[in-house]
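Inside the fold
Spelled out from the first residue to the last, the chains are:
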Amino acid sequence: MIIVIIGAQWGDEGKGKVVDLLADRFDIVARYQGGHNAGHSVYVGDKAFVLRLLPSGIIHEDTTCVLGNGMVIDPKAFFEEVDQMQSQGISITPERLIVTSRAHLIMPYHRALDHTSEERLGNEKIGTTLRGIGPAYEDKVGRRGIRVSDALSPEVLKLRIERNLEEANRIIVTYGQPPLYADQIFEETSALVERLKPFVCETSHFFSEAKKQNKKILLEGAQATLLDVDHGTYPYVTSSNPTAGGASVGAGIPPHHITGVLGIVRTYATRVGEGPFPTEMLDEEETMANLIRKRGNEYGSVTKRPRRCGWFDAVATRYAAELNGFNSVALTKLDVLDALDEIKVCIGYEINGERVDTFPAVSQDLRLIKPIYETLEGWKSETLGVTDIEKLPKKAREYVEFLSNSIGVEIGLISTGPERDQTIIVQNSVMEGWFDK
Ligand code: GDP
């Protein structure tokens, strides 16, 4: 069984918690795109784990984790995270953490280029995490990238660094930054790659064997659907494909081997960084945004930046459901809305006076959207920690059903708090076997 988990909105839907919940029922958890810009928070008892690069499955000692070929890996950040996890009592060995030889490396000049690129864009900046992820993908597509397998050969690594740095320094210096030195980068990177070596493996064969042995594999998307470089709100997107198709390419698994796709949908929406956000709570709804931000702890897990908050957008989420083919949905953060008198759901858009029910591809159109809302009554009672759907207030159940109907997918799981056991598993034939050990 191979399941893909994908954020349905603009990220931070609570994928970390859901993956963590499922991880000990799966043999392998793999990431297939992105880099150390993910930032999942997982709470287990009184311990908080923040995962940027490693799959959330790493917290479970019996789970093997894989960093797939669709990822870009900063070796320095990799070991910082490995060391951090070890200091929190998680044992990490090459037996349970595999880095694909085809993944690309993020180099120090990529970080520098991320800064210059954002500076160049000025007011139009993307709002990247400045970790070099976008520039590393640019090099990958530009066929200049350095893959893990290349870096294992000192000659190739040296040559590529020298060649790439010539061009990178031209840009870096133009923006008034000090040039970088090839020797220094080579030395630093070689030491890290040497430490990385035991973790490296060619994984398409690994996955093929795992499939033959009927292993359960979970493919964990980072970022989210509306940040997909092809399908998201371009250009305010990430540089990779978090959507379901990306899972096949980014892990090296045939599409028809994938059993199902689980969408992670939050009961409201947030967005970090720049870019269009049709249901954003603006000035007149600032008090509401502050309430949700506080109750939902909507601050970046790594950057601590306050997230922009907004109402549930059924048009955008239905688009995500169609695009990814969600078989089921995990609805998160129901408890955050407990305090609200009324809850708005965007059920359609108005653009230039016309009703639109599909998600527009044109970036300019996204800025013109006037959301059409339906207002539902709040339930005004506590759902935190509820584990049985029958125990939810009637209005909360109605809200869940309304969202499910508006996106056209059954809800398989409802999250009622950040902890593993604060979860309702809805009996759902689509998810049969997903929760078995
Ligand atoms: P991710 O990147 O999609 O995993 O999202 P983040 O980890 O950045 O943000 C999700 C935050 O919400 C984390 O602090 C989670 O612990 C928390 N969280 C997840 N599910 C729930 C929930 O159902 N209720 C509440 N109150 N918090 C939740």
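All of these numbers come straight from a predicted model, not from anything done at the bench. Along each chain, the written sequence defines residue order, and numbers are assigned to residues from 1. Totals for whole chains, interfaces and linings use all residues, but because this is a predicted model, local features are given only for residues with pLDDT of at least 70 and pairs of side-chain atoms are given and counted only at 80 or more. Hydrogens and waters are ignored; side-chain quantities use all the structure's heavy atoms.

A few words now on the pairing of strand β3 (residues 40–44). Where β3 and strand β4 (residues 47–51) come together, five bridges link them in antiparallel fashion. Bridging from a neighbouring strand, S41 pairs with V50 of β4. A pair of strands counts as paired when DSSP detects no fewer than two bridges linking them. Counting from the N terminus, the helices are the DSSP runs of H or I reaching at least four residues and the strands are the DSSP runs of E reaching at least two.

Okay, the domain arrangement of the chain next. Per the domain assignment, the segments making up the chain are domain 1 (2–100 + 207–261), domain 2 (104–196) and domain 3 (264–434). For each domain, the first and last residues come from an automatic or database assignment. Here the C-alpha centre of domain 3 lies 37 Å away from the C-alpha centre of domain 2. Any two residues having at least one pair of non-hydrogen atoms within 4.5 Å are treated as being in contact. Of the residues lining the interface, five residues belong to domain 2; the matching set on domain 3 comes to five residues. Taken together, the two surfaces of domain 2 and domain 3 that pack against each other cover about 350 Å², and 43% of this comes from carbon and sulfur. By definition, the buried area sums, over both parts, the 1.4 Å-probe accessible area that each loses when the two are put together. On the domain 2 side of the interface with domain 3, the three residues burying the most area are K125, G127 and R131, jointly 70% of the side's total. Here, a salt bridge means any Lys or Arg side-chain nitrogen found within 4 Å of an Asp or Glu carboxyl oxygen. At the boundary of domain 2 and domain 3, one finds zero salt bridges. Polar contacts, as counted here, are pairs of nitrogen or oxygen atoms within 3.5 Å of one another; within protein the pair requires one atom able to donate a hydrogen and one able to accept it, and residues that are adjacent in sequence qualify only if both atoms are side-chain atoms. Counting the contacts that link domain 2 with domain 3 gives zero residue pairs in polar contact (both at pLDDT 80 or more).

Any residue with an atom within 4 Å of a point lines the site, the site being either a cavity, points on a 1 Å grid over the protein atoms alone where a 1.4 Å probe fits but cannot get out, or a pocket, an open set with protein on both sides within 12 Å along at least 5 of 7 lines. Grid points are joined across faces, edges and corners, and a volume is the space filled by probe spheres set on the points. Enumeration according to the criterion identifies one cavity of 30 Å³ or more in this entry. Approximately 70 Å³ is the volume found for the largest cavity. Around the largest cavity sit D74, P75, K76, I106, M107, P108, R111, E188, T189 and L192, which together line it. For the lining of the largest cavity, the secondary structure elements donating two or more residues are α2 (75–87), α3 (108–121) and α7 (182–196). Broken down by element, the lining of the largest cavity gets its largest block of residues, three residues, from α7. Charged means Asp, Glu, Lys or Arg here, nonpolar means Ala, Val, Leu, Ile, Met, Phe, Trp, Tyr, Cys or Pro, and polar covers whatever is left, Gly included. Residues belonging to the lining of the largest cavity are distributed by class as follows: five nonpolar, one polar and four charged. Built from parts of two domains, the lining of the largest cavity gets at least three residues from each of domain 1 (2–100 + 207–261) and domain 2 (104–196).

What follows is about helix α6 (residues 154–174). In this model, α6 (21 residues) spans 30 Å end to end at C-alpha, consistent with the 30 Å of a helix rising 1.5 Å per residue. We define the bend at any residue as the angle between the axes fitted to the seven residues before and including it, ending there, and the seven starting there. The axis of α6 is deflected most strongly, by about 30°, at L165. For α6, every residue scored as buried is listed here: L157, I161, N164, L165, A168, N169 and I172. Buried residues along α6 sit against α3, α4 (133–141), α5 (148–151) and α7. Just beyond α6, the residue with positive phi is G176, at close to 75°. Each helix should span, by expectation, one fewer than its residue count multiplied by 1.5 Å. Exposure classes here rest on a 1.4 Å probe applied to the protein chains alone. A residue is buried below 20% of its type maximum, exposed above 50%, and partly exposed in between.

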